[in-house]
Amino acid sequence: MKKGKKVLLITFIVVLFLFIVGKIIIGNMVRNVQNISVSMPDISSVQDGNYIGEYSITPVHVKVEVSVSNHRITNITILQHDNGLGSTAESIVNDVVQEQSLDIDAVSGATVSSKCILKAVENAIEN
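So, here is what we can say about the structure in this document. Since this is a predicted model, take the numbers as computed values, not measurements.

**A word on the overall build of the protein chain**
Right, so step 1: What the protein chain contains, in helices and strands, is 3 helices and 3 strands.
Right, so step 2: In terms of C-alpha radius of gyration, the protein chain reaches 20 Å, well past the compact-globule figure of 14 Å for 127 residues.
Right, so step 3: Over its C-alpha atoms, taken along the principal directions, the protein chain stretches across nearly 75 × 25 × 20 Å.
Right, so step 4: Per-residue burial for the protein chain yields a buried fraction of 35% across its 127 residues.
Right, so step 5: A fraction of 48% describes how many contacts in the protein chain between residues 6 or more apart in sequence connect residues 24 or more apart.
Right, so step 6: In the structure as shown, the protein chain presents an accessible area of about 8000 Å², 55% of it carried by carbon and sulfur atoms.
Right, so step 7: Computing the positive centroid from 10 side-chain charges and the negative centroid from 12, the protein chain places the two 29 Å apart.

Here it is in structure tokens:
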């Protein structure tokens, strides 16, 4: 076999291997995201103030500050969002404030980041 064909074959095998490993990793991440349960804590017992919450699921890490006044979420600031390609999910905080709920649909194409943001908000309010 010529040297050029060997290099091409090895390159193809490496690319195929990386593709398969990537699919396995993404599949595991999607399964992990589907298992994340997000529920709205009882905000009626939360004192006015600012609360910090965090949540991580590889490769996403989120840290938020949730402002509560008169038992309502008045603002959510994303302090940290290591997101890969999920920066569009940051708009979900506006829906949470408007709806006063964490029962919000994930941003299409940014499901992992959306779930992490919602879970970080939940953690902030609960803690």
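**Brief notes about the pairing of strand 2 (residues 60-69)**
Right, so step 1: With 7 of its 10 residues buried, strand 2 lies for the most part within the structure.
Right, so step 2: Bridge count for strand 1 (residues 49-57) against strand 2 is 9 bridges, and the pairing is antiparallel. Across the sheet, Glu54 pairs through a bridge with Lys63, a residue of strand 2.
Right, so step 3: Adjacent in sequence and paired antiparallel, strand 1 and strand 2 are bridged by 2 residues.

Conventions adopted
- Residues numbered from 1 in each chain as written.
- Predicted model: local features only at pLDDT ≥ 70, side-chain atom pairs only at ≥ 80, totals over all residues.
- Heavy atoms only, no water.
- Helix = DSSP H or I, 4+ residues; strand = E, 2+ residues; numbered from the N terminus.
- Rg over C-alpha atoms; globule rule 2.2 N^0.38 Å.
- Buried < 20%, exposed > 50% of the residue type's maximum accessible area, 1.4 Å probe, protein only.
- Contact = heavy atoms within 4.5 Å.
- Areas by Shrake-Rupley, 256 points an atom, 1.4 Å probe, with all protein chains shown as cover.
- Lys, Arg positive; Asp, Glu negative; His and termini not counted.
- Charge placed at Lys NZ, Arg CZ, Asp CG, Glu CD.
- Pairing = 2+ DSSP bridges.

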